[in-house]
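# Summary of structural features
One-letter residues, chain by chain:
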Amino acid sequence: MTVWWERALGNLARLYLSNEGVAAIDFVVESRQEGPWTVVDVQGEVDMFTAPKLRERLVETVDQGRYKIIVNLQGVSFMDSTGLGTLVGGLKRVKEHEGVLSLVCSSRPVLRVLSITGLNNVFPIHESVEQAVAAG
Amino acid sequence: MASRTDQGTATEQLRLSIPPEADYIAMARMFSGSVARHFGCDEDVVEDVKVAVSEACTNSVKAHRDTETLEPIELLARLVDGDLQFEVVDAGGGIDTELQKAISDGAVTPAAGLYEGSLGLTLIRSLFPGAEIVRNEDRGTTVRFVVPAGQMSAGTEAMPSFD
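Residues numbered from 1 in each chain as written. Chains lettered and ligands numbered in written order. Predicted model: local features only at pLDDT ≥ 70, side-chain atom pairs only at ≥ 80, totals over all residues. Heavy atoms only, no water.

### Remarks on the sheet that holds strand E4 (residues 100–104) of chain A
Residue and element names in this part refer to chain A.
- The strand order across the open sheet built from 5 strands is E1-E2-E3-E4-E5, with neighbouring strands paired in mixed fashion. Across the chains shown, the open sheet's two edge strands, defined by having one partner strand only, are strand E1 (28–34) and strand E5 (125–126).
- Across 8 bridges, strand E2 (residues 37–46) lies against strand E3 (residues 68–79) in parallel orientation. Residue pairing in the sheet places Val 46 in a bridge with Met 79 of E3. (Pairing = 2+ DSSP bridges. Helix = DSSP H or I, 4+ residues; strand = E, 2+ residues; numbered from the N terminus.)

Okay, structure coming up:
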């Protein structure tokens, strides 16, 4: 007889094996230029383990004198307070140079934590990189 | 590893022990999300559970680092009177009692917490208002929160007998 906890473990195992699970484990941060904007594309889950890679990329971008940054979170399925803190750190850095840090996000879980913390009122949030670029 | 106690139905539970390292937090999230989903929580609640567990585990990993504690962090899930209860128990230095009181009193908001380093705990309380964040009697901290039965589907399975 399969009991409920065995089925729960089965679900967990499938998560590991599914594309969703693989995507959740992989974490990628890449940068590209869109005119004056540096677009930082993020994929995966942003937490205590992965956030340092995002922080490093944001610091590097500002150190290169690029103060107009779009962080594209369309590929992010999860973010906790460590990720939020990283974004706020990036915002502080660009503000020191009168720069801008915008977010692109339509993921419900990520929008929810932004909303609960009130950060949806701190960051300009757009539905696409094109919209963010157009908003200037 | 997942296991169950053998002390009767009332204490039957799922348990996951993770090393106190940041790369295992994702595993705790998957475990808790899978358990919540299994019990019929809708996807918004599943995501809230994952955030709360991730925040609790993050604080636990930091607490273990600060005290150089190598013992595992325990994540437990159990049904209590039809509600789904989660607990994250660590063996770190224990939450500062003043911070514990301030969070319990609602004196630290998520927005303020972001700048005071306590955002994770206030976020848990925002998602699960009845969440308890307590300093353990011996050492460490326990974060406990409950998904009410009303937030699980009508088809939720009762905790079965293991006979």
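Next comes the rest of the description.
### A few points about the packing of helix H3 (residues 97–104) of chain B against helix H5 (residues 119–127) of chain B
Residues and elements named next belong to chain B.
- Relative to each other, H3 and H5 sit at 30 degrees, their axes nearing to 10 Å. By the criterion of interaxial angle, the relationship of H3 to H5 is roughly parallel. In this structure, H3 meets H5 at a crossing whose hand is right-handed. Contacts between H3 and H5 involve Leu 99, Ile 103 and Ser 104 from the former and Leu 121, Thr 122 and Arg 125 from the latter.
- Here the contact of H3 with H5 is composed, by residue class, of 3 nonpolar, 2 polar and 1 charged. (Axes fitted to C-alpha atoms, helices over the stretch in contact; angles between N-to-C directions. Parallel < 35°, antiparallel > 145°, perpendicular 65-115°, else oblique. Left-handed = near helix turned anticlockwise from the far one by under 90°. Contact = heavy atoms within 4.5 Å. Nonpolar A, V, L, I, M, F, W, Y, C, P; charged D, E, K, R; others polar.)

### Digging into the side chain of Ser 32 of chain B
Residues and elements named next belong to chain B.
- Of note, Ser 32 is situated in helix H1 (residues 25–38).
- Looking at Ser 32, the relative accessible area reads 0%, which means it is buried.
- Those residues within four positions of Ser 32 in sequence are excluded, and the remaining contacts are Val 49, Lys 50, Val 53, Leu 75 and Phe 86. (Buried < 20%, exposed > 50% of the residue type's maximum accessible area, 1.4 Å probe, protein only.)

### A few points about the pattern of salt bridges
- Under the defined criterion, the tally for this structure stands at 14 salt bridges over all chains.
- One salt bridge in this structure joins Arg 108 of chain A and Asp 44 of chain B, with 2.4 Å as the shortest N-O distance. One end of the pair, Arg 108 of chain A, is in helix H5 (residues 108–116); the other, Asp 44 of chain B, is in helix H2 (residues 43–66), on a second chain.
- Its relative accessible area of 35% is what places Asp 44 of chain B among the partly exposed residues.
- A salt bridge links Arg 78 of chain B to Glu 87 of chain B; the shortest N-O distance between them is 3.4 Å. Residues Arg 78 of chain B and Glu 87 of chain B agree in their burial class; the two are buried.
- Each of Arg 78, Glu 87, Glu 132 and Arg 144 of chain B takes part in a single network of salt bridges with overlapping partners. (Salt bridge = Lys/Arg side-chain N within 4 Å of Asp/Glu carboxyl O.)

### Considerations on unusual backbone geometry
- Here Glu 98 of chain A, not a glycine, exhibits a phi torsion of approximately 55 degrees, which is positive.
- Not every positive phi belongs to a glycine, and Glu 68 of chain B is a case in point at roughly 50 degrees.
- With respect to the secondary-structure elements, Glu 68 of chain B resides in the loop between H2 and strand E2 (73–80).

### Some remarks on the packing of aromatic side chains
- Evaluation of the coordinates by the stated rule reveals 2 aromatic pairs over all chains.
- Ring centres 5.4 Å apart and planes at 20 degrees place the aromatic pair Phe 86 of chain B and Phe 145 of chain B in the stacked group. With a gap of 59 residues between them, Phe 86 of chain B in strand E3 (residues 83–89) and Phe 145 of chain B in strand E5 (residues 141–147) connect regions that are remote in the sequence.
- The class for Phe 86 of chain B is buried, based on a relative accessible area of 0%.
- For Phe 145 of chain B, a relative accessible area of 1% gives the class buried.
- Among the aromatic residues, those joined into a cluster by ring pairs are Phe 86, Phe 128 and Phe 145 of chain B.
- One Lys or Arg, Lys 53 of chain A, reaches over the ring of Phe 49 of chain A and ends 5.5 Å from the middle of that ring. (Phe/Tyr/Trp six-rings, centres within 6.5 Å; stacked < 30°, edge-to-face > 60°. Lys NZ or Arg CZ within 6 Å of the ring centre and 35° of its normal.)

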